[in-house]
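# Geometric and topological summary
Residues per chain are reported as follows:
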Amino acid sequence: FRDHRCTGTLLSLFERAKFPRRIFVGVVQQNSALSDYDKHCVRTERKCTESPGQTLCKYARQIRVHMVQAEESLGPTFGRHRADRLYRGET
């Protein structure tokens, strides 16, 4: 499953949060390098160096991404396992 709404979900999460600095996100991205459809989940309209005030730029240090080539993926259960491993004890 490839979530084309991933970027919007992250934006909504940080923009709607009362305390966005308290949020940490783990993303396991299982995309295919061979696909024109697959996009990086954490993407911005402009580069963060050019426009650091963009939401995903401001909170980039709170987003952990584990990239897996879809062709090497072992399915959603393995993806969930990898996502669990991104947790670092934040409370």
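Chains are numbered independently. Their residues run from 1 in the order of the written sequence. Per-residue local features of the predicted model are confined to residues with pLDDT of at least 70, and side-chain atom pairs are confined, for both listing and counting, to 80 or more; whole-chain, interface and lining totals are unaffected and use all residues. As a convention, hydrogens and water are excluded, and side-chain values are obtained from all of the structure's heavy atoms.

### Some details on helix α1 (residues 6–16)
A turn of α-helix holds 3.6 residues, and therefore any two residues three or four places apart point the same way. Three labels apply to residues, based on accessible area from a 1.4 Å probe with only protein chains included: buried if under 20% of the type maximum, exposed if over 50%, partly exposed otherwise in between. Elements are defined by DSSP. Helices are runs of H or I of four residues or more, strands are runs of E of two residues or more, and each kind is numbered from the N terminus. Cys6, Thr7, Leu10 and Phe14 are the residues of α1 that are buried. On an axial view of α1, the arc spanned by its buried residues comes to 105°, and they lie on one face. Projecting away from the buried face of α1 at angles above 90 degrees are the exposed residues Glu15 and Arg16. Contacts are assigned to residue pairs with any non-hydrogen atoms lying within 4.5 Å of each other. Structurally, α1 contributes buried residues whose contacts are with β1 (25–31), α2 (55–58) and β2 (63–69). Arc definition: it is the arc formed by the directions from the helix axis to the C-beta atoms.

### Some details on the state of the cysteines
When the sulfur atoms of two cysteines share a covalent bond, that bond is a disulfide. Disulfide assignment relies on a single distance test, namely cysteine sulfur atoms paired within 2.5 Å. In this structure the tally under the stated criterion is 2 disulfides. Note on cysteine connectivity: cysteine 48 is disulfide-linked to cysteine 57, with sulfurs 2.0 Å apart. Because the torsion about its S-S bond is -85°, the bridge between cysteine 48 and cysteine 57 counts as left-handed. A relative accessible area of 13% places cysteine 57 in the buried class. Taking only the cysteines that form disulfides and numbering them from first to last, the protein has the pattern 1-2, 3-4.

### Considerations on the pattern of salt bridges
Within this document, salt bridges are pairs made up of a side-chain nitrogen of Lys or Arg and a carboxyl oxygen of Asp or Glu, the two lying within 4 Å of each other. Following the criterion strictly, the structure yields 1 salt bridge and no others. As a salt-bridge pair, arginine 64 and glutamate 90 come within 2.5 Å of each other at their nearest N and O atoms. In this pair, arginine 64 is assigned in strand β2 and glutamate 90 in the segment after α3 (76–84), connecting sequence segments 26 residues apart. According to the relative accessible area criterion, arginine 64 is partly exposed, its value standing at 25%.

### Re the pairing of β1
Burial within β1 is extensive, with 6 of its 7 residues counted as buried. Pairing between strands is defined by DSSP: at least two bridges between them are needed. With 7 bridges connecting them, β1 and β2 associate as parallel partners. Among the inter-strand pairings, glutamine 29 is bridged to a residue of β2, identified as methionine 67.

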